[in-house]
Amino acid sequence: MSVPGVSSHLIMAPDIRKKELSKITIEEQNPRHAAVMMLFYPREGMTNLVLILRPQYEGVHSGQVALPGGKVETYDRNYQAAALRETKEEIGVDTNKITMLQQLTKVYIPPSNFWVHPFFGYTKQRPNFVLQQEEVAAIIEISITELLDDTNIISKKITTSYAKNIEVPSFELKGYTVWGATAMMLSELKVFLKSALEV
């Protein structure tokens, strides 16, 4: 099944991001590569997706909600292998228990100069999450129903290490504000799931 692509990212892209992307050629920035995992699993009779809360640190993604994942290393066979490795390292999910379903569209993050490659897969049971304390402050479990609920999309003013008081489209999930690249990737996932459910 084909994926929705960049148009679905733009639904949740802040204006500042759209302006940045319109001024550059990404390939000329020599971006680094990262991979993330959208992991589905059953919990209390519903399909859930796991997000993580980054700890507070001196960096552009401090304290933000993200998907498990990280930088692609030279020893990773491919982007999918990197997503699986990072998921095991950050939240302790055994890679042998993850069935991979689909690769979605990569997202460029100007502040950190990363091209992020998202994948989604599932486990048959809720994983026994083990957090990598330096990278993960908490896990956030979101039902697919919550993700697909349009009333959870809001516009919010935020301040980051690189921009002050900017208006951003975001998901409000479990009391957390999810914006930026993570929201853009979740937007594609949401469009993909809605189209799949209509088939």
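Procedures and definitions
- Residues numbered from 1 in each chain as written.
- Predicted model: local features only at pLDDT ≥ 70, side-chain atom pairs only at ≥ 80, totals over all residues.
- Heavy atoms only, no water.
- Phe/Tyr/Trp six-rings, centres within 6.5 Å; stacked < 30°, edge-to-face > 60°.
- Helix = DSSP H or I, 4+ residues; strand = E, 2+ residues; numbered from the N terminus.
- Buried < 20%, exposed > 50% of the residue type's maximum accessible area, 1.4 Å probe, protein only.
- Salt bridge = Lys/Arg side-chain N within 4 Å of Asp/Glu carboxyl O.
- 1 Å grid on protein atoms, 1.4 Å probe; cavity = no way out; pocket = protein on both sides within 12 Å on 5 of 7 lines; lining within 4 Å.
- Points joined across faces, edges and corners; volume = space filled by probe spheres on them.
- Nonpolar A, V, L, I, M, F, W, Y, C, P; charged D, E, K, R; others polar.
- Contact = heavy atoms within 4.5 Å.
- Pairing = 2+ DSSP bridges.
- Expected span 1.5 Å × (residues − 1).
- Polar contact = N/O pair within 3.5 Å; in protein donor to acceptor, adjacent residues only side chain to side chain.

With respect to the packing of aromatic side chains
So, step 1. In this structure the tally under the stated criterion is 4 aromatic pairs.
So, step 2. Between Phe40 and Phe120, the ring centres sit 5.3 Å apart and the planes meet at 50°, which makes this aromatic pair tilted. Residue Phe40 is located in strand β1 (residues 32-43), and its partner Phe120 is located in strand β7 (residues 114-122); the two are separated by 80 residues in the primary sequence. The two residues Phe40 and Phe120 agree in class, both being buried.

Focus on the pattern of salt bridges
So, step 1. Per the stated rule, a full pass over the model turns up 12 salt bridges.
So, step 2. We note a salt bridge from Glu86 to Arg85, for which the minimum N-O separation is 3.3 Å. For the pair shown, Glu86 and Arg85 are each scored as buried.
So, step 3. Salt bridges sharing common partners tie together Asp76, Arg85, Glu86 and Glu89.

A look at the layout of surface pockets
So, step 1. There is about 200 Å³ of room inside the second largest pocket.
So, step 2. Lining the second largest pocket are Gly92, Val93, Asp94, Lys97, Thr123, Lys124, Gln125, Arg126, Pro127 and Asn128.
So, step 3. Its residues assigned to classes, the lining of the second largest pocket shows 2 nonpolar, 4 polar and 4 charged.

A short note on the environment of Ala35
So, step 1. Mapped onto the secondary structure, Ala35 falls in strand β1.
So, step 2. On a C-alpha basis, the gap between Ala35 and Arg85 in space is 9.6 Å, while along the polypeptide they are 50 residues apart.
So, step 3. In this view, Ala35 contacts Pro68, Gly69, Gly70, Val72, Tyr79, Ala82, Ala83, His117 and Phe119; residues no more than four positions away in its chain are not counted.

Notes on the pairing of β7
So, step 1. Within β7, 8 of the 9 residues are buried, which leaves the element mostly enclosed by the surrounding structure.
So, step 2. In the sheet, β1 pairs with β7 via 9 bridges, with the strands oriented parallel. What sits directly across from Val36, in β7, is Pro118.
So, step 3. The antiparallel pairing of strand β6 (residues 107-109) with β7 creates a hairpin that spans 4 residues between the two strands, and Asn113 there sits at a positive phi of about 55°.

Focus: helix α3 (residues 79-91)
So, step 1. Given a rise of 1.5 Å per residue, 13 residues ought to cover 18 Å, and the 18 Å separating the end C-alpha atoms of α3 matches this to within 8%.
So, step 2. Along α3, the positions that sit buried rather than exposed are Ala81, Ala82, Ala83, Leu84, Arg85, Glu86, Thr87, Glu90 and Ile91.
So, step 3. Where the residues of α3 are buried, they touch β1, β2 (46-53), β4 (69-71), β5 (99-103), β7 and β8 (138-143).
So, step 4. Taking the backbone nitrogen of Gln80 as reference, a side-chain oxygen 3.2 Å away marks Asn78 as the first, capping residue of α3.
So, step 5. Downstream of α3 by one or two residues, Gly92 has phi in the positive range, about 75°.

Remarks on the environment of Phe40
So, step 1. Under the relative-accessibility criterion, Phe40 is labelled buried at 8%.
So, step 2. Placed 40 residues apart in sequence, Phe40 and Gln80 show a C-alpha to C-alpha distance of 16 Å.
So, step 3. Not counting residues up to four positions away in its chain, the partners in contact with Phe40 are Thr47, Asn48, Leu49, Phe120, Gly121, Tyr122, Thr123, Ile144, Leu189 and Leu193.

Some words on unusual backbone geometry
So, step 1. Phi is positive for Asn113, close to 55°, though the residue is something other than glycine.
So, step 2. Even without being a glycine, Lys174 presents a positive backbone phi close to 55°.

Quick look at the side chain of Asn48
So, step 1. Secondary-structure assignment places Asn48 in strand β2.
So, step 2. Setting aside residues no more than four positions away along its own chain, Asn48 makes contact with Leu39, Phe40, Tyr41, Arg43, Glu141, Ile142 and Ser143.

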